[in-house]
Number of protein chains: 2
Amino acid sequence: MTTVVQKFGGTSVGDVTKIKRVAEKIKRKMDEGKKVVTVVSAMGKSTDKLVELANDITDNPDPREMDMLLTTGEQVTISLVVMALKEIGVDAVSLTGWQAGIKTEDVHQDARITDIDPVNVQEHLDEGKAVLVAGFQGVSENGDITTLGRGGSDTTAVALAAALKAQSCSIFTDVTGVFTADPRYVKKARKLDSISYDEMLELANLGAGVLHPRAVEFAKNHQVTLIVRSSMEEVKGTTVEEEATMEQNLIVRGLAFEDKLTKITIERLPNQYDTMSTLFSLLANQGINVDVIIQQVTSDHGLNVSCTINTSDLGKAIDALHDNKPTLCYSTIRHESSLAKVSIVGSGMVSNPGVAADMFKVLGKEEIEVKMVSTSEIAVSTVVPDGDMVRAAEALHAFFGLDDNEKEKINKVKEAAL
Amino acid sequence: MTTVVQKFGGTSVGDVTKIKRVAEKIKRKMDEGKKVVTVVSAMGKSTDKLVELANDITDNPDPREMDMLLTTGEQVTISLVVMALKEIGVDAVSLTGWQAGIKTEDVHQDARITDIDPVNVQEHLDEGKAVLVAGFQGVSENGDITTLGRGGSDTTAVALAAALKAQSCSIFTDVTGVFTADPRYVKKARKLDSISYDEMLELANLGAGVLHPRAVEFAKNHQVTLIVRSSMEEVKGTTVEEEATMEQNLIVRGLAFEDKLTKITIERLPNQYDTMSTLFSLLANQGINVDVIIQQVTSDHGLNVSCTINTSDLGKAIDALHDNKPTLCYSTIRHESSLAKVSIVGSGMVSNPGVAADMFKVLGKEEIEVKMVSTSEIAVSTVVPDGDMVRAAEALHAFFGLDDNEKEKINKVKEAAL
């Protein structure tokens, strides 16, 4: 008898009607003869309400106590889903993170899973019960309740699937799968039947919000087959697995993009071994997420360093840099806002050195200015004016053959671009 | 350094403002140099909201899952109180039932505490922290979350006080202490400075809702000094301890009363050894609480049995009796509603055989019909028409010298009554 793990996010369990629908889905899966473990998030806006309560008390809530507070959200959902299952005649049991044996680091609000002891879950499965596990939460070695940070329920599901050697881990969400680009922006975006872990990881890291990167990484490391699918529609989703078997011929598998970025340039830093580490440690300590980084040696052997940050962090970044001017010894700071990042992702790139060049040609043809570039094994990212983001994405989507069922068009577009 | 335990109920932590007030109270107690453990209930109406969610899903929620659901309420409160404490500079930590080592039977919704392992609580106290413990909840031997049933947070507080050998256990509530009678009905009711465990137990069992009987029993068994006091006003409360040191001269320490009772009489049952057990097991299995019981042998050696039940249970009781008529072999059922129970309580009664007689005289003088009587070592209860309840209580309150500062009147009332 095979075991499957499935995860339903907050919108999928947003109210009592939806909770009953999830129970029906679990029943159907069990009727197929599967052992079913289901991970759920907190109901819809319930986490926001709890955060609001905390904010009414303090501007600076204690992380341990935030975990204590927020983990109640998932605990409510698991109990309600089990009640709904029992109501339709399915024996079921709910387990909090600690009851499900989910051990984490002793870190609050963003703990990593260190180990899973699935004995309790397995026993209940062997007794024929549907097992509901509270997502996003675990317990540290000293018995404190911890949370896994953003996307934590995905990670809970993947980790349980690995520990239980499950056949697959289905992530039910409000989209029907992983798309070649965000369909809200790129009209011709297409759902992928399959994608590799690495490609998914790049897309996830680049801001395609379907799956959390940590969950994808965990799935890759433990070879868990992930399936991203809709909780509302009964349609085939996207399978994330070691080798994407379909569409192997495509060099670029998908696009990711995000706006509201600012490029910040720190000029004439001393050209020393520790300059970069001092600078970026400083920003990291302020909780500022730094993305694309460019380093340039000036004619008089100083260093110019540029990086992108979220525009919302700009004030904080400038304050931190000003406060540390004596240590950093730079001359000036410049910044440019209203920027966006557009990235192409595909494992086929490794063996296709011309992909970056193709990308620049497409953007050049569209007269879109490329402000910064960064590359990885399977992705190329460009920073462009944010007003050009969607146009850039659409042009790249068409050029790299990702448009919806319009293969014959592709060559024409290519010809025109080059 | 002495340890004190205090408990705040749902209304005392009903909103953010009240939670901050509780934090201030804890701080003041710590500033006195005490180690402070605080047990809190769920915020105001939050439990009702959770129950409503469950009822939207099923008419018959699973008890284990109800415990899973409802225990989130106290978990929310403990985290918020700790945040409020940290905001005013007090180091603090929150602990759920299982984290505080509160072990219970493997029963849901009404578990009894079997053991407390206070190591975790003690460690945090020794580190100088305020410790917040979620009331009403514990963990069974097999790791399930359980709840202690009604009044459970009182029991949590008392049990922790016993395990920690605390100096006292203060129960903060919305009244200023234990009264000689419910002051909402008896205008001359007076707050008691002290009362014995047994007297408190009788009052609690007789429906004076300040403290849950199980908590009082636990306090008596472990000799925990209980203090019932107001969470709103800074006034002296009522101390519950082994020997009530004050007011020893009073034979009757307090009155309790409740209305909405029905007397039900089952006529001509067979006079056999197992008749009573069969009858009352049947009612108990339906969840019907039976109070005053009278058994009478008829002239032809049959049995007439009368008892009081809550009027809300009448339909259920009659159905159960009808369904089991072949087994019970009675002839008819009669019932009389609109009744009330009025009880006098005092440990001095044991050595004063005339107290019951005095009670009947007072009620006779008031022309109040006594329908049923039951007695214990330290209480006498009478069932009267509910329209006469308050009048009976006031007359008894005056006669037994409980009226507020009117000692000179007492003798006159006594003379008039006898």
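Residues numbered from 1 in each chain as written. Chains lettered and ligands numbered in written order. Predicted model: local features only at pLDDT ≥ 70, side-chain atom pairs only at ≥ 80, totals over all residues. Heavy atoms only, no water.

Enquirer: Could you give me a rundown of the relation of the copies chain B and chain A, with the residues and numbers involved?
Expert: Each copy of the sequence occupies a distinct position, and chain B is placed on chain A by a rotation of 180 degrees and an axial shift of 0.1 Å, giving an RMSD of 0.1 Å. In symmetry terms, the pair is related by a two-fold rotation axis. No C-alpha of chain B lies nearer the rotation axis than that of Thr72 of chain B, which sits 2.6 Å from it. The overlap is high: 100% of the interface residues of chain B also sit at the interface in chain A, so the same surface is used on both sides. (Least-squares fit on C-alpha atoms with pLDDT ≥ 70 in both. Contact = heavy atoms within 4.5 Å.)

Enquirer: Break down the UniProt feature "binding site: substrate" (unreviewed entry) in chain A for me, citing the residues and quoting the values.
Expert: Residues and elements named next belong to chain A. Under the UniProt annotation, the feature "binding site: substrate" (unreviewed entry) is placed at Thr47 and Glu74. With the annotated positions falling across 28 residues, the maximum pairwise C-alpha distance of 9.0 Å places them together in a single cluster. Within the secondary structure, Thr47 sits in helix α2 (residues 46-57). Residue classification places Thr47 among the partly exposed residues on the basis of a relative accessible area of 23%. (UniProt positions renumbered as here; feature names shortened; annotations may be inferred. Helix = DSSP H or I, 4+ residues; strand = E, 2+ residues; numbered from the N terminus. Buried < 20%, exposed > 50% of the residue type's maximum accessible area, 1.4 Å probe, protein only.)

Enquirer: Talk me through the interface of chain B and chain A; I want residue IDs and the actual numbers.
Expert: Contacts between chain B and chain A engage 40 residues on the former and 40 residues on the latter. Between chain B and chain A the total buried area reaches about 3,200 Å² when both faces are included, carbon and sulfur atoms providing 67% of it. Per-residue buried area on chain B facing chain A is highest for Ile57, Met83 and Trp98 of chain B; these three make up 22% of the total on that side. For the pair chain B and chain A, the number of links is two salt bridges. Of all the elements in the fold, those that place two or more residues in the side of chain B that touches chain A are α1 (16-31), α2 (46-57), α3 (63-87) and β3 (92-95) of chain B. Here the element with the most residues in the side of chain B that touches chain A is α3 of chain B; it accounts for 17 residues. When the residues that make up the side of chain B that touches chain A are grouped by side-chain class, the tally is 22 nonpolar, nine polar and nine charged. (Buried area = accessible area lost by both parts, 1.4 Å probe. Salt bridge = Lys/Arg side-chain N within 4 Å of Asp/Glu carboxyl O. Nonpolar A, V, L, I, M, F, W, Y, C, P; charged D, E, K, R; others polar.)

Enquirer: Before we move on, could you go through the confidence of the model for chain A and cite the residues and values that matter?
Expert: Averaged over every residue, the pLDDT of chain A is 90; the share at 70 or more is 94%. For this predicted complex, the interface confidence reaches an ipTM of 0.80, while the overall pTM sits at 0.81. (pLDDT = per-residue confidence, 0-100.)

Enquirer: Which residues make up the domain arrangement of chain A, and what values do they have?
Expert: Considered domain by domain, chain A is made up of domain 1 (3-174) and domain 2 (247-418). Computed over C-alpha atoms only, the centres of domain 1 of chain A and domain 2 of chain A are separated by 36 Å. (Domains from an automatic or database assignment.)

Enquirer: Which residues make up the packing of aromatic side chains, and what values go with them?
Expert: Between two aromatic rings, the relevant description is the distance of the centres plus the angle of the planes. Residue and element names in this part refer to chain B. Applying the stated rule across the entire model yields seven aromatic pairs over all chains. Look at Tyr185 and Phe257: their rings are 5.6 Å apart centre to centre, the planes differ by 90 degrees, and that puts the pair in the edge-to-face class. Of the two residues, Tyr185 sits in the loop between β9 (168-173) and β10 (194-196) while Phe257 sits in strand β13 (residues 254-269), which places them 72 residues apart along the sequence. Its relative accessible area of 11% is what places Phe257 among the buried residues. (Phe/Tyr/Trp six-rings, centres within 6.5 Å; stacked < 30°, edge-to-face > 60°.)

Enquirer: An account of the UniProt feature "binding site: ATP" (unreviewed entry) in chain A is requested, with residue identities and associated values reported.
Expert: Residue and element names in this part refer to chain A. This chain's UniProt record puts "binding site: ATP" (unreviewed entry) on Lys7, Phe8, Gly9, Gly10, Thr173, Asp174 and Arg184. Of the residues just listed, which span 178 residues, the most distant C-alpha pair is 23.8 Å apart, and they do not cluster in one region. Examined against the element boundaries, Gly9 turns out to sit in the loop between β1 (3-8) and α1 (16-31). The contact partners of Gly9, leaving out residues within four places of it in the chain, are Ser41 and Phe172. Considering the arrangement of structural elements, one finds Asp174 in the loop between β9 (168-173) and β10 (194-196). When its relative accessible area of 55% is taken as the criterion, Asp174 is described as exposed. At 3.1 Å, the side chain of Asp174 forms a polar contact with the side chain of Thr173. (Polar contact = N/O pair within 3.5 Å; in protein donor to acceptor, adjacent residues only side chain to side chain.)

Enquirer: So, the packing of helix α11 (residues 355-365) of chain A against helix α12 (residues 389-399) of chain A: which residues are in play, and what are the values?
Expert: All names here are of chain A. Running from N to C, α11 and α12 point in directions that differ by 130 degrees, and their axes come no closer than 10 Å. By the angle between their axes, α11 is oblique relative to α12. Pair α11 / α12 crosses with right-handed handedness. Each of Asp358, Met359, Val362 and Leu363 in α11 lies in contact with α12, whose residues at this interface are Ala392, Ala395, Leu396 and Phe399. Partitioned by chemical class, the residues of the contact of α11 with α12 number seven nonpolar, no polar and one charged. (Axes fitted to C-alpha atoms, helices over the stretch in contact; angles between N-to-C directions. Parallel < 35°, antiparallel > 145°, perpendicular 65-115°, else oblique. Left-handed = near helix turned anticlockwise from the far one by under 90°.)

Enquirer: Describe the sheet that holds strand β7 (residues 137-140) of chain B, listing the residues and the values that go with them.
Expert: All names here are of chain B. The mixed open sheet is built from four strands, whose spatial order is β5-β4-β7-β8. One side of each edge strand has no neighbouring strand; the edge strands of this open sheet are β5 (113-116) and β8 (145-147). For this sheet the average axis-to-axis angle between neighbouring strands, irrespective of direction, equals 45 degrees. Pairing of β7 with β8, which is carried by three bridges, proceeds in the antiparallel orientation. Looking across to β8, one finds that Gly138 is bridged to Thr146. (Pairing = 2+ DSSP bridges.)

Enquirer: So, the sheet that holds strand β15 (residues 303-310) of chain B: which residues are in play, and what are the values?
Expert: Residue and element names in this part refer to chain B. Taken in spatial order, the six strands of this open sheet run β14-β15-β13-β16-β18-β17, and their pairing is antiparallel. Where the open sheet ends on each side, the last strands, each with one partner, are β14 (290-297) and β17 (372-376). Put simply, the sheet's adjacent strands are angled 30 degrees from each other on average, direction ignored. Judged from the five bridges that link them, β17 and strand β18 (residues 379-385) form a sheet pairing that is antiparallel. Each residue of the ladder has a partner; that of Val373, found in β18, is Thr382. Most of the contacts of helix α9 (residues 314-323) go to β13, to which it runs at about 20 degrees, and overall it touches β13, β15 and β16 (332-345). Across the sheet, helix α11 (residues 355-365) lies against β16, β17 and β18, angled at about 20 degrees from β18, the strand it touches most.

Enquirer: Can you break down the nonpolar core residue by residue, with the values?
Expert: In terms of nonpolar packing, the biggest core is built from 74 residues, with Ile26, Leu80 and Leu85 of chain A together with Ile26, Leu69, Leu80 and Leu85 of chain B touching the most fellow members. Ignoring anything within four residues of it in the chain, the contact list for Ile26 of chain A reads Gln6, Val36, Thr38, Val81, Leu85, Ala130 and Leu132 of chain A. (Core = buried A, V, L, I, M, F, W, Y, C linked by side-chain atoms within 4.5 Å.)

Enquirer: Which residues make up helix α4 (residues 119-126) of chain A, and what are the values?
Expert: Residue and element names in this part refer to chain A. Within α4, burial applies to Val121, His124 and Leu125. Across the axial projection of α4, the buried residues extend over an arc of 105 degrees, all falling on one side. In the stretch just after α4, Gly128 is the one whose phi turns positive, near 85 degrees. (Arc of directions from axis to C-beta.)

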